[in-house]
Amino acid sequence: MQTTFIVHVEDQPGVLTRVTSLIRRRGFNIESLTVGHTERPGVSRMTIVMDSDERAVPRIEANLYKLVNVIRVENITPQPSVLRDLAMIKVAATEASRGAIMQLVDVFRARVVDVSPDSLIIEITGTQDKIDGLVEMLRPYGVLEMARTGCVAMARGSNVPVLAAADRPVDSSAVEFDSGVSFSV
Amino acid sequence: MKKTGAQILWECLVREGVTDVFGYPGGAILPAYDAMLGYPIRHILTRHEQGATHMADGYARATGKVGVAIATSGPGATNMVTGLATAMMDSSPIVCITGQVGSRLIGSDAFQETDITGVTLPVTKHNYLVTRASDVAPAVREAFYLAKTGRPGPVLIDITKDAQQSQAEFDYDAAAPRPHGRPGPPPQEAQFREALALIHAAERPVILAGHGILLGNAMSEFKAFAERTQIPVAMTLLGIGCFPASHELNLGMMGMHGEAWVNTAVQEADLLIALGMRFDDRVTGTIATYAPNAKKIHVEIDPAEINKNVAVDVGIVGDVRDVLARLLPAVAAGDRGPWLRKIDELKGSTAVRDIKNLADDGHLYAAHVINDLWRATNGKALVVTDVGQHQMWEAQYYHHDVPRSLITSGGLGTMGFALPAAIGAKIARPNAEVWVVVGDGGFQMTMAELATIVQEGIDVNIAIINNGYLGMVRQWQEFFYERRYAATPLLSPDFVKVAEAYGIRGISVRKRDDVIPAVQRARQARETVLIDFVVEQEDTVYPMVPAGAALHQMIRRPSPIAETGADA
């Protein structure tokens with residue numbers, strides 16, 4: 001079963017390692033993990049998609065909360081939510097095949113972001129299924145290279161995971177233990 | 001007021017109530033050692049950094065206070081890993097401080113540089129790399145807060161040499177730790193109601209009592225709960241001492257080397273009430289057949305433990321003492337007469353070696369030694385054991401009535417733990433009678449700390465259970481590897497002479513008649529005495545649940561003799 005967690009963490013060196021090390025040593029399996037900045041300075045947001053059985057979900061959540069730098073963990077799997085992946089696909093394209101490929105790009109509402117005499121780079125944003133679908137259609141032409149971001153997710157509606165007063169306040173000037181290594185992806 | 005990072009470190013430690021630290025100096029921690037002389041701190045110089053961590057651990061377990069160990073960078077820090085892992089597995093609150101190379105040298109493979117925060121990530125509750133003097137106070141204060149709150153555990157603070165040397169404004173109050181973790185557990189009304197209903201309906205309940213009761217100081221609430229509900233108590237190895245062994249509701253230790261009646265009672269129970277324990281595989285045997293007819297209530301401070309190993313019917317997240325205090329006024333007095341009589345019958349039909357009547361045929365049995373030690377010390381010693389057969393015999397034959405009177409490495413099973421942990425325990429509780437019970441294998445792992453004992457004038461007595469084998473491994477080879485004793489016969493030096501070389505009195509005991517006189521001589525001496533008990537070589541810990549077997553499928557003692565009251 002795929003489970004999607006939104007994890008807010010302190011934007012500090014080593015936090016990504018702490019999260020991934022925990023998940024690895026507890027034997028949980030990551031399908032995808034993305035990290036980036038949030039609307040709040042000093043707070044990063046991870047979207048972690050995991051393959052887990054139902055009984056493991058509360059334990060993953062509880063284990064994540066044991067990490068001091070984790071501010072908030074939310075399992076958004078049961079909620080209506082928007083899940084997006086971004087992919088760049090470099091596909092072989094000759095003069096003869098380019099037209100057909102461009103049509104596929106239109107159908108999938110993707111974009112061509114680079115054209116060369118014998119290849120194209122296509123950028124597509126969407127659910128994993130949609131991207132997988134485009135990749136399948138492009139395969140006969142020759143997929144030369146692909147880069148995907150992994151899933152980012154957000155629950156629908158105006159409910160936001162409020163980092164309430166009870167949450168760990170983040171004051172980056174007071175909590176910075178600077179090793180000079182940045183972990184942001 | 002401006003202070004150096006090193007001064008801020010000691011200032012914070014002193015304000016945290018630290019009076020003793022265990023450590024070993026070196027290049028990257030020199031500024032901290034130099035500043036130490038200006039503070040009211042007793043430093044115990046160990047002979048190995050692993051020893052320092054076990055001493056801090058023993059100190060913490062003997063009192064509940066946070067133990068502190070200090071070491072230099074590189075090898076000093078990596079030598080702490082075993083001690084950190086030991087403390088992590090057994091939820092022991094310690095803070096380890098390591099020096100680190102200068103911040104500009106980090107990542108350059110400088111002399112004695114190791115990424116110790118990376119190395120210790122999985123074996124600490126949290127760790128810090130501090131590269132600025134201004135970060136020392138918040139790190140130290142948060143480390144102490146984390147080590148002792150919630151489920152206790154070890155925290156490591158790695159401080160670069162320049163952070164120790166440079167100056168920063170010191171403001172203790174501004175460095176106060178911030179709360180962390182999930183906002184308090186939910187009210188859990190429903191869980192309490194369900195737990196009470198299960199307790200009231202149960203006819204064959206058993207309490208599984210763990211370390212959490214000791215860590216949470218829940219002993220009196222727990223005793224009141226057991227007595228009010230009349231539910232018998234089985235203990236984990238680390239739970240020993242949380243409930244008096246002499247209490248009529250006490251069953252004893254459960255699990256791999258638990259007595260048959262304890263494990264049978266667990267398997268036949270219709271309700272298990274697990275308090276501050278984590279269903280370790282050494283306690284459950286194979287999960288598939290574990291307590292098949294029992295509903296299960298799990299009270300545990302760490303929510304990640306609920307449903308980890310054993311699926312439970314009711315999980316209550318919280319401090320055991322708080323939970324029991326809330327259950328006590330609501331729980332009805334119980335009458336478990338038939339169930340308790342049934343367990344008594346199990347006891348009667350179960351093989352227990354009769355210590356008194358065990359043939360005195362010129363051989364010395366470890367069980368004799370432990371049981372005689374129990375008698376000679378009136379059951380009041382603080383016993384620190386190592387890992388292996390002697391550890392299980394101690395758990396079986398030394399009956400602990402008092403909390404925090406057994407210190408042992410349970411989860412990690414760290415050989416070499418006993419001697420240094422005992423030193424830490426004695427520093428923490430100078431008036432306690434401390435006994436080290438240790439095998440000939442584990443003793444040789446950390447016996448260099450004998451020098452620490454002498455240099456620091458420490459009075460702990462040492463009982464080596466010397467059987468010439470790595471006994472527990474040998475036992476597994478006997479049962480499961482057709483007695484092919486690969487690498488288990490063990491040559492040891494003459495321990496009496498080793499002791500004497502350190503200036504410690506040594507006694508060798510080979511006959512049962514000499515056990516109690518030797519123990520009494522050691523007790524009367526006002527200094528450490530080492531007794532080398534040369535025991536039967538191929539003796540075995542019974543009963544034994546083979547790994548992967550069901551809890552009730554024990555290898556029983558070969559010649560059952562009924563227990564006599566005098567030996568219980």
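Peer 1: Would you mind going over the overall build of chain B in detail, with residue names and values included?
Peer 2: When helices and strands are tallied, chain B shows 23 helices and 20 strands. Rg of the C-alpha trace for chain B: 24 Å, near the compact-globule value of 24 Å for 568 residues, within the 12% margin. In chain B, which comprises 568 residues, the proportion classed as buried is 56%. A separation threshold of at least 6 residues defines the contact pool for chain B, and within that pool the share at least 24 residues apart is 77%.

Peer 1: Which residues make up the domain arrangement of chain B, and what values do they have?
Peer 2: Residues and elements named next belong to chain B. Entries for chain B in the domain assignment read domain 1 (2–175), domain 2 (189–349) and domain 3 (366–541). Taking only C-alpha atoms, the centre of domain 2 and the centre of domain 3 are 30 Å apart. Taken together, the contacts link 13 residues of domain 2 with 15 residues of domain 3. Here the side of domain 2 that touches domain 3 is composed, by residue class, of nine nonpolar, three polar and one charged.

Peer 1: Please provide a residue-by-residue account of the environment of B:Pro430, values included.
Peer 2: Residues and elements named next belong to chain B. With respect to the helices and strands, Pro430 occurs in the loop between helix H18 (418–428) and strand S17 (434–439). Judged by the 10 C-beta atoms lying within 10 Å of it, Pro430 falls in the exposed class. Taking the C-alpha atoms as reference points, Pro430 and Arg484, 54 residues apart in sequence, are found 45 Å from one another.

Peer 1: Give a description of the sheet that holds strand S14 (residues 314–317) of chain B that names residues and reports values.
Peer 2: All names here are of chain B. Strand order in the open sheet formed by six strands is S11-S10-S9-S12-S13-S14, and the pairing between neighbours is parallel. Among the strands making up the open sheet, the edge pair consists of strand S11 (250–253) and S14. The mean angle between the axes of side-by-side strands here comes to 15°, regardless of whether they run parallel or antiparallel. Summarising the sheet, strand S9 (residues 205–209) and strand S12 (residues 271–275) pair through five bridges and their orientation is parallel. Bridge pairing links Val206 to Leu272 in S12. Strands S9, S12, strand S13 (295–300) and S14 of the sheet are contacted by helix H9 (residues 189–201), whose axis makes an angle of about 130° with S14. Helix H12 (residues 260–268) contacts S9, strand S10 (233–235), S11 and S12 of the sheet and is inclined by roughly 105° relative to S11.

Peer 1: So what's going on with the environment of A:Ser21? Residues and values would help.
Peer 2: Examined against the element boundaries, A:Ser21 turns out to sit in helix H1 (residues 15–25). Those residues in contact with A:Ser21, other than ones at most four positions away along the chain, are B:Leu121 and B:Pro122.

Peer 1: Would you mind going over the pairing of strand S3 (residues 42–45) of chain B in detail, with residue names and values included?
Peer 2: Across a regular strand the side chains alternate sides, sitting on one face of the sheet and then on the other. Sheet analysis places strand S2 (residues 20–23) of chain B next to S3(B), joined by four bridges and oriented parallel. Bridging across to S3(B), B:Val21 finds its partner in B:His43.

Peer 1: Help me get a handle on the sheet that holds strand S19 (residues 505–509) of chain B, residues and values and all.
Peer 2: Note on sheets: strands pair through backbone hydrogen bonds, and any given pair is parallel or antiparallel. Residue and element names in this part refer to chain B. What the six strands build is an open sheet, ordered S16-S15-S17-S18-S20-S19; its pairing is parallel. In this open sheet, the two strands that pair with only one neighbour each are strand S16 (406–408) and S19. Strand-to-strand twist of the sheet, defined as the mean angle between neighbouring strand axes without regard to direction, takes the value 20°. Taken together, the five bridges between S19 and strand S20 (residues 529–534) define a ladder with parallel strand orientation. Across the sheet, the residue bridging to Gly506 is Leu530, located in S20. Packed on one face of the sheet, helix H16 (residues 366–376) meets S17, strand S18 (461–466) and S20 and runs near 160° to S18.

Peer 1: An account of helix H23 (residues 515–524) of chain B is needed here, citing residue identities and associated values.
Peer 2: Residues and elements named next belong to chain B. Buried residues of H23: Val515, Ala518, Val519 and Ala522, and no others. Taken around the axis of H23, the buried residues stretch over an arc of 100°, which confines them to a single face. Turned more than 90 degrees from where H23 packs its buried face, Pro517, Gln520 and Gln524 sit exposed. Of the surrounding secondary structure, the elements contacted by the buried residues of H23 are H16, S18, S19 and S20.

Peer 1: Requested: an account of the packing of H16(B) against helix H17 (residues 389–397) of chain B, with residues and values cited.
Peer 2: Between two packed helices, the angle of one axis relative to the other and the distance separating the axes together describe the packing. Residues and elements named next belong to chain B. As a packed pair, H16 and H17 sit with axes 9 Å apart at the nearest point and diverge in direction by 45°. Relative to H17, H16 is oriented oblique. Handedness of the H16/H17 crossing: right-handed. Facing H16, whose interface residues are Ala366, Ala367, Ile370, Asn371 and Trp374, H17 presents Gln389, His390, Trp393, Glu394 and Tyr397. Of the residues that constitute the contact of H16 with H17, the class distribution is six nonpolar, three polar and one charged.

Peer 1: Residue-level account of unusual backbone geometry, with values.
Peer 2: Residues B:Tyr542 and B:Pro543 are joined by a peptide bond in cis, for which omega reads -15°. With respect to the helices, strands and loops of the structure, B:Pro543 is situated in the segment after S20. Positive phi outside glycine occurs at A:Arg109, with the angle close to 50°. Relative to the helices and strands, A:Arg109 is located in the loop between helix H3 (95–107) and strand S6 (111–116). Overall, A:Arg109 belongs to the exposed group, with 11 C-beta atoms counted inside 10 Å. Even without glycine at this site, B:Asp109 takes up a positive phi of about 55°. By secondary structure assignment, the location of B:Asp109 is in the loop between strand S5 (94–100) and helix H6 (116–119).

Peer 1: Let's hear about the confidence of the model for chain B: which residues, and what values?
Peer 2: Residue and element names in this part refer to chain B. Averaged over every residue, the pLDDT of chain B is 94; residues scoring 70 or more account for 95%. Note on residues 560–568: pLDDT is under 50 here. Beyond four places in sequence and across chains, it has 14 contacts. Reported confidence for the predicted complex is 0.90 by ipTM and 0.93 by pTM.

About the thresholds
Position numbers for residues count from 1 along each chain, tracking the sequence in the order it is written. Starting at A for chains and at 1 for ligands, labels are handed out in the order in which the entities are written. The predicted origin of the model limits local features to residues at a pLDDT of at least 70 and limits the giving and counting of side-chain atom pairs to 80 or more, whereas totals for whole chains, interfaces and linings rest on all residues. The numbering of helices and of strands both runs from the N terminus, where a helix is a DSSP run of H or I of at least 4 residues and a strand a run of E of at least 2. Restricting the calculation to C-alpha atoms gives the radius of gyration, and the globule rule supplies 2.2 Å times the number of residues raised to the power 0.38. Working definition of burial: number of other C-beta atoms within 10 Å of the residue's own, with buried at 20 or more, exposed at 12 or fewer, and partly exposed in between, all C-beta atoms being placed from the backbone. Distance between backbone-placed C-beta atoms decides contact: two residues are in contact if it is within 7 Å. Where each domain starts and ends comes from a domain assignment, either automatic or drawn from a database. Ten residue types, Ala, Val, Leu, Ile, Met, Phe, Trp, Tyr, Cys and Pro, are classed as nonpolar, four, Asp, Glu, Lys and Arg, as charged, and the remainder, Gly among them, as polar. One requirement defines pairing of two strands: DSSP has to find at least two bridges between them. The angle between two axes is taken between their N-to-C directions and runs from 0 to 180 degrees, where each axis is a line fitted to C-alpha atoms and a helix contributes only its stretch in contact. This arc is taken over the directions from the axis of the helix to the C-beta atoms. By the definition adopted for this analysis, an angle is roughly parallel if under 35 degrees, roughly antiparallel if over 145, roughly perpendicular if from 65 to 115, and oblique otherwise. For any helix crossing, the convention is left-handed if the near helix is rotated counterclockwise from the far helix by under a right angle, and right-handed if that rotation is clockwise. One confidence number per residue, pLDDT, is output by the predictor and ranges from 0 to 100.

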